[in-house]
Amino acid sequence: MSDTPTQLDFNDGKRAPQLGFGVWQIDDVHAAEAVETALQTGYRSIDTAAIYGNEKGVGDGIARSGVARSEIFLTTKLWNADQGYDSTLKAFEQSLRRLGTDYVDLYLIHWPTPAKDRYLDTWKAFLRLRDEGRIRSVGVSNFQPAHLDRLLAETGVTPAVNQIELHPDFGQRELVAYHAQHGIVTESWSPLGQGGELLQQPVLVELAKRHGKSAAQVVLRWHLQHGYMVIPKSQTPSRIRENFEVFDFALDAAAMQALDALEAGHRIGPHPDQLQ
Ligand SMILES: NC(=O)c1ccc[n+]([C@@H]2O[C@H](COP(=O)([O-])OP(=O)(O)OC[C@H]3O[C@@H](n4cnc5c(N)ncnc54)[C@H](OP(=O)(O)O)[C@@H]3O)[C@@H](O)[C@H]2O)c1
């Protein structure tokens, strides 16, 4: 097996590293340090959002790392309050300014917020920014099939990615099947179940022991082998490195099934139909 980090192909002809680095709940100062450590470790994909309040730190970390911007796959997200055509264009400029870049690789609508009913206009602004070359790929986050169906019906443009809550005890099988049918890449957020009880599950502990790896590494392998993009977060340098060392082993079919069997419908975050 090759130790080389894997890439995934998008429906728009672009590609992205399958494993990235998430920075939710890291403040601006520490985000710069964490991003610098991640890039020096070998990560080439960073996932932030306007609402995380650390886009400036992410930009500083990229600048400090010495890694060329062109080698980095950078994702940010439009916050709910900024949904709408003109407000999206404005919020995007502000994100670029904070990030210190003139394009993003992937821009996501953070939540559909269906009660606002603005995600269609927001999507149209995304398509304009993509046509101008300032967003390389357009995507969404926390979208349900009904929201995706509407984007497709009204604009004919399928998102490259839907970033959703997904971990072994919340496998989102229906949504994943929808993505597969429509050529949308599934990207897992909170892939480690936020480092909580999931990592103590006996089956995981046993598999970790068998492979000489940590429970977190086994979970990340599960995401990779399912074909998901995955963006674990850590503020701890040793864990940032640990979470990248997942390309030198593989889970067999029985191990994948044992992890699939952890499914418990255990959603941690809000339901996307309810968040305003
Ligand atoms: N689109 C959305 O709505 C949405 C929502 C949530 C998250 N996200 C994205 O997804 C990323 C990841 O999700 P997340 O931050 O919620 O949770 P996560 O990556 O599942 O878990 C992060 C937690 O696990 C701990 N951890 C990391 N590596 C570990 C390891 N090897 N062993 C044990 N514990 C470990 C971290 O602790 P330390 O930091 O202390 O090391 C942190 O407390 C976010 O950073 C963000 O970029 C997106």
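As a starting point, this report considers the structure included with it. (Residues numbered from 1 in each chain as written. Predicted model: local features only at pLDDT ≥ 70, side-chain atom pairs only at ≥ 80, totals over all residues. Heavy atoms only, no water.)

What follows is about the site of the ligand. The immediate surroundings of the ligand are formed by 29 residues, with D47, S190, K233, S234 and T236 found nearest. Q235 is positioned such that a nitrogen or oxygen atom in its backbone is 2.8 Å from an oxygen atom of the ligand. When the ligand sits alone it has 910 Å² of accessible area, and the protein chains cover 88% of it. Of the residues that constitute the shell around the ligand, the class distribution is 11 nonpolar, 13 polar and 5 charged. (Near = heavy atom within 4 Å. Polar contact = N/O pair within 3.5 Å; in protein donor to acceptor, adjacent residues only side chain to side chain. Areas by Shrake-Rupley, 256 points an atom, 1.4 Å probe, with all protein chains shown as cover. Nonpolar A, V, L, I, M, F, W, Y, C, P; charged D, E, K, R; others polar.)

What follows covers the packing of aromatic side chains. Counting across every chain of the model gives 11 aromatic pairs. Ring centres of Y43 and F244 lie 4.8 Å apart, and the angle between their planes is 45°; this geometry places the pair in the tilted category. Within this pair, whereas Y43 is found in the loop between α1 (28–41) and β4 (45–47), its partner F244 is found in the loop between α9 (237–242) and α10 (253–260), the two being separated by 201 residues in sequence. The pair Y43 / F244 is uniform in exposure class, with both members buried. Taken together, the ring pairs connect F21, Y43, F244 and F247 into an aromatic cluster. Lying over the aromatic face of Y103, R136 brings its terminal NZ or CZ to 3.9 Å of the ring centre. In this arrangement the basic side chain of R221 is found over the ring face of F249, its NZ or CZ atom lying 5.9 Å from the centre. (Phe/Tyr/Trp six-rings, centres within 6.5 Å; stacked < 30°, edge-to-face > 60°. Helix = DSSP H or I, 4+ residues; strand = E, 2+ residues; numbered from the N terminus. Buried < 20%, exposed > 50% of the residue type's maximum accessible area, 1.4 Å probe, protein only. Lys NZ or Arg CZ within 6 Å of the ring centre and 35° of its normal.)

Next up on the list: the pairing of strand β5 (residues 73–78). Put simply, side chains in a regular strand alternate between the two faces of the sheet. Of all 6 residues that make up β5, 6 are buried, and the element is covered over most of its length. Direction of pairing for β4 relative to β5: parallel, over a ladder of 3 bridges. Bridge pairing links D47 to T75 in β5. The β-α-β motif built from β4, the intervening helix α2 (residues 55–65) and the parallel element β5 has right-handed crossover chirality. Pairing of β5 with strand β6 (residues 104–109) involves 4 bridges; the strand directions are parallel. Following the sheet pairing, T76 is matched in β6 by Y107. Chirality of the crossover, the property in question, places the unit of β5, helix α3 (residues 85–99) and β6 among those that are right-handed. (Pairing = 2+ DSSP bridges. Right-handed = clockwise from strand over helix to strand, strands pointing away.)

We now examine the pairing of strand β7 (residues 135–141). Within β7, 6 of the 7 residues are buried, which leaves it mostly tucked inside the rest of the structure. Relative to β7, β6 runs parallel, the two being bridged by 5 bridges. Following the sheet pairing, V104 is matched in β7 by I135. The parallel pair β6 and β7, bridged by helix α4 (residues 119–131), forms a crossover whose chirality is right-handed.

What follows is about the nonpolar core. Core analysis: the largest hydrophobic core is formed by 73 residues, its most contacted members being F21, I46 and W123. Apart from residues lying up to four places away in sequence, F21 is in contact with A34, V35, A38, Y43, S45, I46, D47, I231, P232, S234 and I240. Grouped together as the second largest cluster of nonpolar side chains are 10 residues, F73, V161, V185 and M229 included. (Core = buried A, V, L, I, M, F, W, Y, C linked by side-chain atoms within 4.5 Å. Contact = heavy atoms within 4.5 Å.)

Let's shift gears to unusual backbone geometry. The phi dihedral of Q25 is positive, around 65°, even though this residue is not glycine. Since its relative accessible area comes to 56%, Q25 is described here as exposed. A positive phi angle, near 60°, is found at Q194, a position not held by glycine. Mapped onto the elements of the fold, Q194 is located in the loop between β9 (185–189) and α7 (202–211).

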